[in-house]
Amino acid sequence: MRAHVITYGCQMNEYDTHTILSELVAGGHEIVTSPHDAELMVLNTCAVRGKPVEKVVTLLGELRKEKQRRPLAVALMGCLAQLEEGQALAKKFAVDILIGPGAITDILPAIEALETQGRYTSLAFKGDLLTHIPPAPATLTGFLTIMRGCNHRCTYCIVPTSRGPEVSRPVEAILNEAEAMRSAGVQEIYLLGQNVNSYGLGLPGYPSFAELLKLVAATGIPRVKFTTSHPMNFTSDIIDAIAETPNVCDFIHLPVQSGSDRVLRRMAREYRRERYLAIIAEIKAKLPEAVLSTDIMVGFPGETEEDFQATLSLYDEVQFDSAYMFIYSARPGTPSYQHFTDLPKAIKTERLQRLIERQKYWSQQRNQRWVGRELRVLLKQPSDDGGYNVGHSDQNHTVLVPNEQVTGVGLYPVVIEQATPHALYGSVVSAERQRLPLLMAS
Ligand code: 5AD
Ligand code: SF4
């Protein structure tokens, strides 16, 4: 079949799409870039907030009409497919294949079944995803899943329902995949999981996350980054592993969600503000150059102006380099949807605006301190207007340099000349003046 795959949501979903694509190709199907050429449309969906769900609903409506005009099969995959919400949508929009995130390798049997039995549904959490190693991507940055699912029960979050309980991949599968990526020329690996720090927790024979970091770094990949972390599992040995291992980047994404203990309690986040700040203090003491980012939610049910002020003051104390900021979205199937009343939209959007202002202020301050200094930048592609080449520093800043200074993709020493809240601008340093060693995987 000619297949077209559309991905919504997080990096975990992008990784899963990579697996889906490689399964389709292995099964002899053709991947097409235009949906108009497709006989099979695969939607790898996200359900974490209402917006991505609305997008899928709109598209399913269009595809239902398209199906009346020509032969076309539709596969609803990913987080939304796993939920009652997705199952109802599948019925309403005559979806042919419904596969949850734990069963994506069922795409080939699903296509075969279409011919014999019509509709196909698989919502299992299958073990084969833990040992499955998709072919290495032909990109500079590659994702590598180390664990799936989540055992936390944040009251706003649908992920534990859609992705199921935590399971860790065997270390051999992870290291083999890292090695395959290194040999394919991948320069930067993102270790992925809903909660990477609890990798192997309580499982005999599994390394801890800190040990795993060192093992992956030992494959010789120039850069290792990871996401997402949970403050409850962010132990000192992880900070030490980052400090001791040069190719594990000084970039830490540690979602805080709120600066108010009252809200954190209602969210069932197991830590409190003081604990979070203590982890940040330890990171800053051991990794003075570390870049810090976070996830913050505004407008959680019952959040008062005082609670929101606590979030702003936490932001000022930590001085995050960047943040993903979200308006609380009530998701059917979550405890907060069931038990709490949503705040008026106007209050939520106004708080988001104020938070964005604070974020811009600190991002500018934090970025400014790099002006005049050298960073190691993985330059990846020309900017949309073609004038610059864009890449990321070891610490994950977005860095732009004039295109004419770049002879090809790869790692470059760059001296920073200008900073904005969102990016750094600089020039490539000549080989004689360069101070940072450049390690490339070949
Ligand atoms: N509404 C808004 N944001 C949410 N997130 C998770 N669930 C919701 C929700 N219901 C955010 C959290 C999480 C990030 C991936 O998405 O901040 O860290
Ligand atoms: Fe959702 Fe909380 Fe698990 Fe993150 S830690 S995936 S926010 S339940």
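Regarding the packing of aromatic side chains
The final tally for this structure, using the stated rule, is 11 aromatic pairs. Seen from their ring centres, Tyr271 and Tyr276 are 6.2 Å apart, and the 35 degrees between their planes marks the pair as tilted. For the pair shown, Tyr271 and Tyr276 are each scored as buried. Taken together, the ring pairs connect Tyr156, Phe300, Tyr328 and Phe340 into an aromatic cluster. Seen from the ring of Phe340, Arg266 lies directly overhead, with NZ or CZ sitting 4.2 Å from the centre.

Regarding the sheet that holds strand β14 (residues 322-327)
Taken in spatial order, the three strands line up as β12-β13-β14 in an open sheet, and their pairing is parallel. Each edge of the sheet is formed by a strand with only one pairing partner; in this case those strands are β12 (251-253) and β14. Strand-to-strand twist across the sheet, computed as the mean angle between neighbouring axes with direction ignored, equals 10 degrees. The sheet contact formed by β12 and strand β13 (residues 291-298) spans three bridges and is parallel.

Some thoughts on the domain arrangement of the chain
In terms of domains, the chain is made up of domain 1 (2-122), domain 2 (130-368) and domain 3 (374-433). For domain 2 versus domain 3, the separation of C-alpha centres amounts to 26 Å. Listed per partner, the contact involves 18 residues of domain 2 and 20 residues of domain 3. Each partner contributes to the roughly 1500 Å² buried at the junction of domain 2 and domain 3, and carbon and sulfur atoms together form 52% of this total. Of all residues in domain 2, Leu140, Arg223 and Asn367 give up the largest surface area on contact with domain 3, accounting jointly for 41% of the area buried on that side. Viewed at the interface, domain 3 and domain 2 are joined by two salt bridges. Close ionic contact of Asp394 with Arg223 constitutes a salt bridge, the shortest N to O distance being 2.8 Å. Run the count over domain 2 and domain 3 and you get 12 residue pairs in polar contact (both at pLDDT 80 or more).

Here's the deal with empty space enclosed by the protein
To locate leftover empty space, one rolls a probe as large as a water molecule over the atoms. Applying the stated criterion to the full structure yields one cavity of 30 Å³ or more. Computed from the structure, the largest cavity encloses a volume of approximately 40 Å³. Every residue along the wall of the largest cavity is listed here: Tyr15, Thr19, Leu129, His132, Pro134 and Arg148.

What to know about the site of ligand 1
If you check the shell around ligand 1, you find Val48, Arg49, Tyr156, Gln257, Asp295, Met297, Phe326, Ile327, Tyr328, Ser329 and Arg331 and nothing else. When ligand 1 sits alone it has 400 Å² of accessible area, and the protein chains cover 85% of it. Among the elements of the structure, β13 and β14 are those that each provide at least two residues to the shell around ligand 1. The class makeup of the residues in the shell around ligand 1 is six nonpolar, two polar and three charged.

The rules behind these values
- Sequence positions are assigned chain by chain, starting from 1 and proceeding in written order.
- Throughout, the order in which chains and ligands are written sets their labels, letters from A for the former and numbers from 1 for the latter.
- The model is predicted, so local features are restricted to residues of pLDDT at least 70 and side-chain atom pairs to those at 80 or more, both for listing and for counting; the totals for chains, interfaces and linings are taken over all residues.
- Heavy atoms from the whole structure form the basis of all side-chain values; hydrogens and water molecules are not counted.
- Any pair of Phe, Tyr and Trp rings, taking the six-membered ring for Trp, is counted once the centres come within 6.5 Å. Such a pair is stacked with planes under 30 degrees apart, edge-to-face with planes over 60 apart, and tilted for the rest.
- Summary of the burial criterion: residues with accessible area below 20% of their type's maximum are buried, those above 50% are exposed, and those between are partly exposed, where the area comes from a 1.4 Å probe applied to protein chains only.
- Two conditions define a charge sitting above a ring: the NZ of Lys or the CZ of Arg must be within 6 Å of the ring centre, and it must be within 35 degrees of the ring normal.
- Note on pairing: DSSP must find at least two bridges between two strands before they are called paired.
- By definition, any uninterrupted DSSP run of H or I lasting at least four residues is a helix, any uninterrupted run of E lasting at least two residues is a strand, and each is numbered from the N terminus.
- Each axis is a line fitted through C-alpha atoms, and for a helix only the stretch in contact is used; angles between axes span 0 to 180 degrees, taken between their N-to-C directions.
- Boundaries between domains were set according to an automatic or database domain assignment.
- Pairs of residues are marked as contacts when any of their non-hydrogen atoms sit within 4.5 Å.
- When two parts are brought into contact, each loses some accessible area as probed by a 1.4 Å sphere; the total of that loss over both is the buried area.
- Between Lys or Arg on one side and Asp or Glu on the other, a salt bridge is scored when a side-chain nitrogen of the former is within 4 Å of a carboxyl oxygen of the latter.
- Here a polar contact is taken to be a pair of N or O atoms separated by no more than 3.5 Å, where protein atoms must pair a possible hydrogen donor with a possible acceptor and residues adjacent in sequence count only if both atoms sit in side chains.
- The method works on a 1 Å grid over the protein atoms by themselves. A cavity is a set of points holding a 1.4 Å probe that cannot get out, a pocket is an open set with protein on both sides within 12 Å along at least five of seven lines, and residues with an atom within 4 Å of a point line them.
- Grid points are joined across faces, edges and corners, and a volume is the space filled by probe spheres set on the points.
- Nearness is defined per residue: one heavy atom within 4 Å of the molecule or strand is enough.
- Note on areas: Shrake-Rupley, 1.4 Å probe, and residue coverage restricted to the protein chains presented here.
- Here the term charged refers only to Asp, Glu, Lys and Arg, the term nonpolar to Ala, Val, Leu, Ile, Met, Phe, Trp, Tyr, Cys and Pro, and the term polar to all other amino acids, Gly among them.

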